[in-house]
Amino acid sequence: MSTVLDLSERIRLALKIGESLYREFKSAWEGPPQAKIPRDTRDICIDIAQTLIAFANSDGGELVIGVEDDGTITGVPLAKDDVTRLLESTRTHVHADTPLPACLKAQVEIDGKLILYFSVPKGTQFVHLTSDGRCLRRLDRDSVPFSSERIVAQRLEDQSRTWDRTIQDGASLHDLDIDLLQSVASQIVYGVSVEKCLQYLDLAEFTPSGLKIKKAAVLLFGKDIRRWHSHCQVRIMTIRGKEQRSGEGFNVVRDDAVTDNIIRLVDQAWERLTVALSQHTQLRESGRFEQNFLYPQIACREALMNAIVHRNYAIEGRGIEIYLYQDRMEIVSPGMLLSTVALEDIKSLKGVHESRNPHVARVLREVGLVREMGEGIRRIFDVMKSNALAEPEIENTTTGFAV
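Predicted model, so just to flag it, every value in this text is computed and none were measured.

Enquirer: Which parts of the structure should I look at to understand the pairing of strand E7 (residues 136-139)?
Expert: On any regular strand, side chains alternate: one points to one face of the sheet, the next to the other face. Pairing of E7 with strand E8 (residues 142-145) involves 4 bridges; the strand directions are antiparallel. Bridge pairing in E8 places Leu136 opposite Pro145. Where E7 folds back onto E8 in an antiparallel hairpin, the turn is made up of 2 residues, including Asp140, whose phi is positive at roughly 60 degrees.

Enquirer: Please explain the environment of Val64 as it appears in this structure.
Expert: For Val64, the position within the fold is in strand E4 (residues 61-65). Classification of Val64 by relative accessible area gives buried; the value is 0%. Sequence separation between Val64 and Thr98 is 34 residues; the distance between their C-alpha atoms is 22 Å. If we skip the residues at most four places from it in the chain, Val64 touches Ile11, Glu24, Phe25, Lys26, Ile115, Leu116 and Tyr117.

Enquirer: Looking at this model, I keep getting lost on the environment of Val127. Mind explaining?
Expert: By secondary structure assignment, the location of Val127 is in the loop between strand E6 (113-120) and E7. Taking the C-alpha atoms as reference points, Val127 and Leu211, 84 residues apart in sequence, are found 36 Å from one another. Once residues within four sequence positions are removed from consideration, Val127 is found in contact with Asn57, Thr98, Cys135, Ser148, Ile151, Val152 and Arg155.

Enquirer: Would you explain the side chain of Ser89 in this entry?
Expert: Locating Ser89 in the fold gives a position in helix H3 (residues 80-92). What Ser89 contacts, discounting residues up to four positions off in sequence, is Cys45, Ile48, Ala49 and Val94.

Enquirer: Sorry, what's going on with helix H2 (residues 41-56) here?
Expert: The α-helix advances 3.6 residues per turn, and as a result positions three or four apart in sequence lie on the same side. For H2, with 16 residues, the first-to-last C-alpha span of 23 Å sits near the 22 Å given by 1.5 Å per residue. Among the residues of H2, the N-terminal cap falls to Asp40, whose side-chain oxygen and the backbone nitrogen of Arg42 are separated by 2.7 Å.

Enquirer: Explain the sheet that holds E6 to me, please; I cannot follow it from the model alone.
Expert: Strand pairing in a sheet takes place through backbone hydrogen bonds and is either antiparallel or parallel in direction. What the 4 strands build is an open sheet, ordered E1-E4-E6-E5; its pairing is mixed. What marks the edges here is a single partner per strand, and that holds for strand E1 (23-26) and strand E5 (104-110). Averaged over all adjacent pairs, the angle separating strand axes in this sheet is 20 degrees, with direction ignored. When E1 meets E4, the two strands line up parallel, connected through 4 bridges. Of the residues in E4, the one forming a bridge with Lys26 is Ile65. Each of E1, E4, E5 and E6 is contacted by helix H1 (residues 7-17), which is oriented at about 85 degrees to E5, the strand it contacts most. Strand contacts of H2: E1, E4 and E6, with the helix running at about 165 degrees to E4, the strand carrying the most contacts.

Enquirer: Looking at this structure, how should I read the sheet that holds strand E16 (residues 329-334)?
Expert: The 6 strands are arranged E12-E11-E15-E16-E18-E17 in an open sheet whose pairing can be described as mixed. The open sheet is flanked by strand E12 (252-259) and strand E17 (395-397), the only strands paired with a single partner. Looking at each pair of strands side by side, their axes are set apart by 15 degrees on average, direction ignored. Note that E16 and strand E18 (residues 400-402) share 3 bridges and pair antiparallel. Residue pairing across strands places Val332 opposite Ala402, the latter belonging to E18. Seen against the sheet, helix H9 (residues 262-277) touches strand E11 (233-239), E12, strand E15 (320-324) and E16 and runs at an angle of roughly 5 degrees to E11. The sheet strands contacting helix H10 (residues 297-310) are E11, E15, E16 and E18, and the helix crosses E16 at an angle near 15 degrees.

Enquirer: Got a minute to help me understand the packing of aromatic side chains in this structure?
Expert: For any two aromatic rings, the description comes down to two numbers: the centre-to-centre distance and the angle of the planes. Scanning all chains against the criterion turns up 1 aromatic pair. Aromatic pair Tyr323 and Tyr325: ring centres 6.2 Å apart, planes at 20 degrees, arrangement stacked. For the pair Tyr323 and Tyr325, a shared accessibility class is recorded, and that class is buried. The positively charged end of Arg137 is found above the aromatic ring belonging to Phe146, 5.3 Å away from the centroid. Directly above the ring of Tyr325 sits Arg328, whose terminal nitrogen or CZ lies 3.9 Å from the centroid.

Enquirer: Would you take a moment to explain helix H13 (residues 376-386) for this structure?
Expert: Along H13, the positions that sit buried rather than exposed are Gly376, Ile377, Arg379, Ile380, Phe381, Val383 and Met384. Of the surrounding secondary structure, the elements contacted by the buried residues of H13 are H10 and helix H11 (343-347). Ala388 sits one or two residues past H13 and shows a positive phi near 55 degrees.

Thresholds, definitions, all that
- Residues numbered from 1 in each chain as written.
- Predicted model: local features only at pLDDT ≥ 70, side-chain atom pairs only at ≥ 80, totals over all residues.
- Heavy atoms only, no water.
- Pairing = 2+ DSSP bridges.
- Helix = DSSP H or I, 4+ residues; strand = E, 2+ residues; numbered from the N terminus.
- Buried < 20%, exposed > 50% of the residue type's maximum accessible area, 1.4 Å probe, protein only.
- Contact = heavy atoms within 4.5 Å.
- Expected span 1.5 Å × (residues − 1).
- Polar contact = N/O pair within 3.5 Å; in protein donor to acceptor, adjacent residues only side chain to side chain.
- Axes fitted to C-alpha atoms, helices over the stretch in contact; angles between N-to-C directions.
- Phe/Tyr/Trp six-rings, centres within 6.5 Å; stacked < 30°, edge-to-face > 60°.
- Lys NZ or Arg CZ within 6 Å of the ring centre and 35° of its normal.

Have a look at this one:
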């Protein structure tokens, strides 16, 4: 007995299950029940393209033409040339710059009636658009207009949630700073080999073909971080004035970038930031020169650590950016908040958190570089308030998270 599900069986099963988020039926007829006539081919072409685009922009799905909403087979009563136009609508009615991924289309005869079957997987390369530039997505059983920016943001979030725990192709133990790794291992699991320490921290997996290094391990301990991530970086810009200008009015007086693995980046970025924050040096009564800082160091370090721990490392073309203006400091982290964390909850200091990079966060927590998760923002607000300074402003946009 064959265990292969052929296309006619697949369609019959689809009709039995009914329409859903992943499945839609379209009739090729229109008009009152007793006087139905074939639908205009142009309208069906538009339906096909819009539905498949909505599926591709969501989680994929299948479309059956020639079936009523209740699953009744009524067929496609069109001439051969018109049927060809329907099949070609997956190309002619889809934007040329965002072609559908691996679209399956076929003609099948069921119960003596012609059925057209289409299926498409979830798209990952493009946000798919109609030929006239419209974006759609599935919402329950409907294909609805949707913002392409939101689709991009959600795809980035999906990617970022698993990014640090995926295997880094081509990486081996030799690509890690072994001395740094041993130093961390001695703080967490003293006396254990670096290979076992990596496995214990879930930064590597032992397989029959050898030790597989995860992206988090490379981010934390990579010897040449630029080889694996070009913007594991903190860039600090000091700006003369209250707004950044370009051209003849260019007012960036200092532009300093630090790029390194995360363990080293924490200390190096903080060292550079303290220099940039140092307003002036004063001679105290004790006879010692002391630096005065523009903002409380505790608040600044918390904001920096929050950015390093929670930024979206799946966005490899940008690093953390710190802007020092005359009247404020802004720390901008690549990637917006996870959809499960509400901006209002953060502003109300509820201590909410969810680690985008759980493997990175765990190591930094184990070695004492970060304290309780979810307390950083609250601590920043408390320190600013205790120093009689303005309450921090927090912004969450599709381009990043800013404090």
